[in-house]
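Descriptive analysis of the structure
As a plain string of letters, each chain reads:
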Amino acid sequence: SDSGSGHASEGRVCPSPITVVRRMADGRERVRMPLLDCDGAVRDEARRALSILARPRQLGEAPTESQIQAWQDADGDPAYLAEGVRLLHPGLLERLQRIGETFAGYPLEIVSGYRPHSPSSSRHHHARALDLRVPGVPRQRVRDLAVTFPQTGVGWYPNSVFVHVDVRQRDAYWVDLSGPGEAPRYVRGAEAPPVAEPPSAPPAPNIDDALDTLTRALRVTLPGEEPPELDEAVEPPEDVPPPTEEELEQIRRETDAWLERIRIDP
């Protein structure tokens, strides 16, 4: 869903739209809107949309408006938007807005959100935590920004793909060396990294050079014509091995990040 745009209101600059994505079994879901209003309060529309985006993976499809209305009509638990969809803590949207504006132009990806089957001690269990990443931005920059937020827990996982951010009364920071599917391996006495200045978005790569290379490699033929011989200059060298799965995954992430930054005005 897409909604809203940053604008000035009574001399104030209102929050800009933030793009948040989630990869689910049936494909990628996307929300783009300001998460806060011009007074800094969390927008109800944004909280609903992101709570659906952060639902448990096993829930499958997003709830329909009729299902949401039926839940409300039946006096369902107000902590939930619909059955199995818990409303995110408003503080998470405040933090996402900060992250999105700091790394403007880059999408935020929710890796994991509300997890009802996590232990009750986990903030994921109470929809007060998100595991997230910003494709195209080094995870260290996301971490270094998150540790500047007050009343925030930040988990650093060097052997995984995300940064954990949660809402709590006292700041907390930890390092877990475990990889995906492994038991936790916490680093005793880990301290948050000192941040001399707020992190910023990395410089955009020169896409014009990449497009020029791609264009020069294109070959167009008419129906019935034999394709022309490729120039020797564009043939891949024989001693270059094919890309690894990790390299292909990196290419895919970078491509997704660039596609998210493309804007087509009507």
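The structure we're discussing is the one just above.
Below or above, wherever it landed, is the structure these notes cover. (Residues numbered from 1 in each chain as written. Predicted model: local features only at pLDDT ≥ 70, side-chain atom pairs only at ≥ 80, totals over all residues. Heavy atoms only, no water.)

**Here we look at the packing of aromatic side chains**
This is how it is decided: Note on aromatic contacts: the rings of Phe and Tyr and the six-membered ring of Trp form a pair at centre separations within 6.5 Å, being stacked when their planes are under 30 degrees apart, edge-to-face when over 60 apart, and tilted otherwise. Strands here mean DSSP runs of E at least two residues long; helices mean DSSP runs of H or I at least four residues long; both are numbered from the N terminus. We call a residue buried when its accessible area falls under 20% of the maximum for its residue type, exposed when it is over 50%, and partly exposed in between, using a 1.4 Å probe and counting protein chains only.
Tallied over the full model, the rule gives 3 aromatic pairs. With a centroid separation of 6.2 Å and 75° between ring planes, the pair formed by Tyr80 and Tyr114 is classed as edge-to-face. Of this pair, Tyr80 sits in strand E5 (residues 80-82) while Tyr114 sits in the loop between strand E7 (108-112) and strand E8 (129-133); the two residues are 34 residues apart in sequence, bridging distant segments of the chain. Exposure remark for Tyr114: the relative accessible area of 6% places this residue in the buried category. Residues Tyr157 and Phe162 carry aromatic rings whose centres are separated by 4.9 Å and whose planes lie at 45° to one another, so their mutual orientation is tilted.

**Quick look at the nonpolar core**
Which entries qualify depends on this criterion: Definition of nonpolar core: a set of buried residues of the types Ala, Val, Leu, Ile, Met, Phe, Trp, Tyr and Cys, connected through side-chain atoms within 4.5 Å. Pairs of residues are marked as contacts when any of their non-hydrogen atoms sit within 4.5 Å.
In terms of nonpolar packing, the biggest core is built from 39 residues, with Leu35, Leu50, Leu88, Ile99, Phe103, Leu130 and Val134 touching the most fellow members. Those residues in contact with Leu88 that sit more than four places away from it in its chain are Arg47, Leu50, Ser51, Ala54, Leu93, Ala127 and Leu130. Core analysis: the second largest hydrophobic core is formed by 6 residues, Ile68, Leu81, Val85 and Leu87 among them.

**Remarks on the environment of Phe162**
Tracing the backbone shows Phe162 in the loop between strand E9 (152-156) and strand E10 (163-167). The buried category is assigned to Phe162, whose relative accessible area is 14%. C-alpha of Phe162 to C-alpha of Leu130: the two residues are 32 residues apart in sequence and 9.4 Å apart in space. Discounting chain neighbours no more than four positions away, the residues touching Phe162 are Val111, Asp131, Leu132, Arg133, Arg139 and Tyr157.

**Let's talk about the sheet that holds strand E4 (residues 27-33)**
Put simply, the rule reads: Two strands pair if DSSP finds at least two bridges between them. Here an angle of 0 to 180 degrees is reported between the N-to-C directions of two axes, which are lines fitted to C-alpha atoms, with helices fitted over the stretch in contact.
The 7 strands are arranged E4-E3-E7-E8-E10-E9-E11 in an open sheet whose pairing can be described as mixed. Looking at which strands have only one partner, the edges of the open sheet turn out to be E4 and strand E11 (172-175). Each strand of the sheet is rotated relative to its neighbour by a mean of 25°, with strand direction disregarded. Across 2 bridges, strand E3 (residues 18-24) lies against E7 in parallel orientation. Residue pairing in the sheet places Val21 in a bridge with Glu109 of E7. Where helix H3 (residues 90-102) meets the sheet, its contacts fall on E3, E7, E8, E9 and E10, and the angle it forms with E10 comes to roughly 135°. Helix H4 (residues 139-146) contacts E8, E9, E10 and E11 of the sheet and is inclined by roughly 155° relative to E9.

**Remarks on H3**
Basically, it comes down to this: Each helix should span, by expectation, one fewer than its residue count multiplied by 1.5 Å.
A rise of 1.5 Å per residue sets the reference length of H3, with its 13 residues, at 18 Å; its end C-alpha atoms lie 19 Å apart and thus fit the reference within 8%. Along H3, the positions that sit buried rather than exposed are Gly91, Leu92, Leu93, Arg95, Leu96, Gln97, Ile99 and Gly100.

**A word on the pattern of salt bridges**
Under the convention used in this document: A pair is scored as a salt bridge if a Lys or Arg side-chain nitrogen falls within 4 Å of a carboxyl oxygen belonging to Asp or Glu.
Under the criterion given, the structure shown has 9 salt bridges. Across the pair Glu29 and Arg55 runs a salt bridge whose closest N-O atoms are separated by 2.6 Å. In this pair, Glu29 is assigned in strand E4 and Arg55 in the loop between helix H1 (44-53) and helix H2 (65-73), connecting sequence segments 26 residues apart. Its relative accessible area of 24% is what places Glu29 among the partly exposed residues.

**Describing the state of the cysteines**
The condition is simple: Note that a disulfide, as used here, is simply two cysteine sulfur atoms within 2.5 Å.
Overall, the coordinates contain 1 disulfide when judged by the stated rule. Across a sulfur-sulfur distance of 1.8 Å, Cys14 and Cys38 are joined as a disulfide pair. Disulfide Cys14 to Cys38: torsion about the S-S bond roughly 110°, handedness right-handed. One end of the pair, Cys14, is in the loop between strand E2 (12-13) and E3; the other, Cys38, is in the loop between E4 and H1, and 24 residues separate them in sequence. For Cys38, a relative accessible area of 23% translates into the label partly exposed.

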